[in-house]
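Given next are the chains, with one letter for each unit.
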Amino acid sequence: MGMSNIACTHSPHVVFAQDTFAFLIGINAEWNQGRNVVGDEALFHALKETYKIPSDRICFVKDEKATKQYVIKELESLLQKTTPNSTFFFYYGGHGNPKSFQTIEEASTHLELCQIFKNFRGELVWFVIDCCYSGNFYESVKATFDRENDENDSENKNDCVRACIMSTQLNQVAGGEWTLTECWIHAIQGGLLAKLATSCCLRMELFIDYASDKTAQVK
């Protein structure tokens, strides 16, 4: 899994919000080795224990519990708690398809998830996707929200920044390592996310440099 598709939609100037929410989907029972050290379980603990996201603002939907119906229900519930100053961290790790994430019983399409995020009330979303075809999700984010802003007049335009960090390019499969997820864990544990500047694009550039170093170390 590489640091190959990193992009930011909309305005690049947003202050990193103090009230942060996190929603993680991890369907990785078949990759259990190292999961609590460099995988989704470790990322959850880093966000909750190191980054100090309160329990009522973080949700980790794991393995067999991650049905499409349950994921949508819990995601919508958490998004309803957000405020105009909120930052939202969305993570998916597991099997990916060109147009969907492989949730239990039924796949969750990229476009369906993007539609749900229209209910986000805050100013910044991090989409961190660690699976095959993750680059395709970015295309869905861009298509959904570019279209929405084109349809709205300037007074109703949504100024939310959506930062997409994917583990693959468009229509590419990922490897079997936790490289992208591990980079975020190191960033959180090292305090990088708390120290980054107010510009979204600057934050992403710093993270890319940091992640590239870590990726080299992992390999």
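What counts and what doesn't
- Residues numbered from 1 in each chain as written.
- Predicted model: local features only at pLDDT ≥ 70, side-chain atom pairs only at ≥ 80, totals over all residues.
- Heavy atoms only, no water.
- Buried < 20%, exposed > 50% of the residue type's maximum accessible area, 1.4 Å probe, protein only.
- Helix = DSSP H or I, 4+ residues; strand = E, 2+ residues; numbered from the N terminus.
- Pairing = 2+ DSSP bridges.
- Core = buried A, V, L, I, M, F, W, Y, C linked by side-chain atoms within 4.5 Å.
- Contact = heavy atoms within 4.5 Å.
- Expected span 1.5 Å × (residues − 1).
- Arc of directions from axis to C-beta.

(A) A look at the pairing of strand E9 (residues 161–166). Taking burial as the measure, the six residues of E9 include six buried ones, the bulk of the element. Residues of E9 alternate between two faces, with Val161, Ala163 and Ile165 on one and Arg162, Cys164 and Met166 on the opposite face, all of them buried. In this structure, strand E8 (residues 124–130) lies alongside E9, joined through six bridges in parallel fashion. When the sheet's bridge partners are listed, Val125 is paired in E9 with Arg162.

(B) The arrangement of the nonpolar core in detail. Formed by 31 residues in total, the largest nonpolar core has its most connected members in Phe23, Leu75, Phe88, Phe90, Phe117, Phe127 and Phe137. Mapped onto this core, the elements with two or more residues apiece are strand E2 (20–26), strand E3 (58–62), helix H3 (68–79), strand E4 (87–93), helix H4 (110–116), E8, helix H5 (134–151) and E9. Apart from the residues lying within four places of it in its own chain, the contact partners of Phe117 are Leu75, Leu79, Phe88, Phe90, Val125, Phe127 and Phe145. Of all hydrophobic cores here, the second largest spans 23 residues; its members include Val38, Ile58, Tyr91 and Val128.

(C) Geometry of helix H2 (residues 40–50). Inspection of H2 places Asp40, Glu41, Ala42, Leu43, Phe44, Ala46 and Leu47 among the buried residues, and these make up the whole buried set. Following H2 by one or two positions, Lys52 has its phi on the positive side, about 65°.

(D) Region of the structure containing H3. Its 12 residues give H3 an end-to-end C-alpha distance of 16 Å, which sits within 8% of 16 Å, the value for a rise of 1.5 Å per residue. Turning to H3, its buried residues number three or more, namely Lys68, Val71, Glu74, Leu75, Leu78 and Leu79. The arc that holds the buried residues of H3, viewed along the axis, is 140°, so those residues lie on one side. Exposed side of H3, more than 90 degrees from the buried face: Gln69 and Lys73 are the residues found there.

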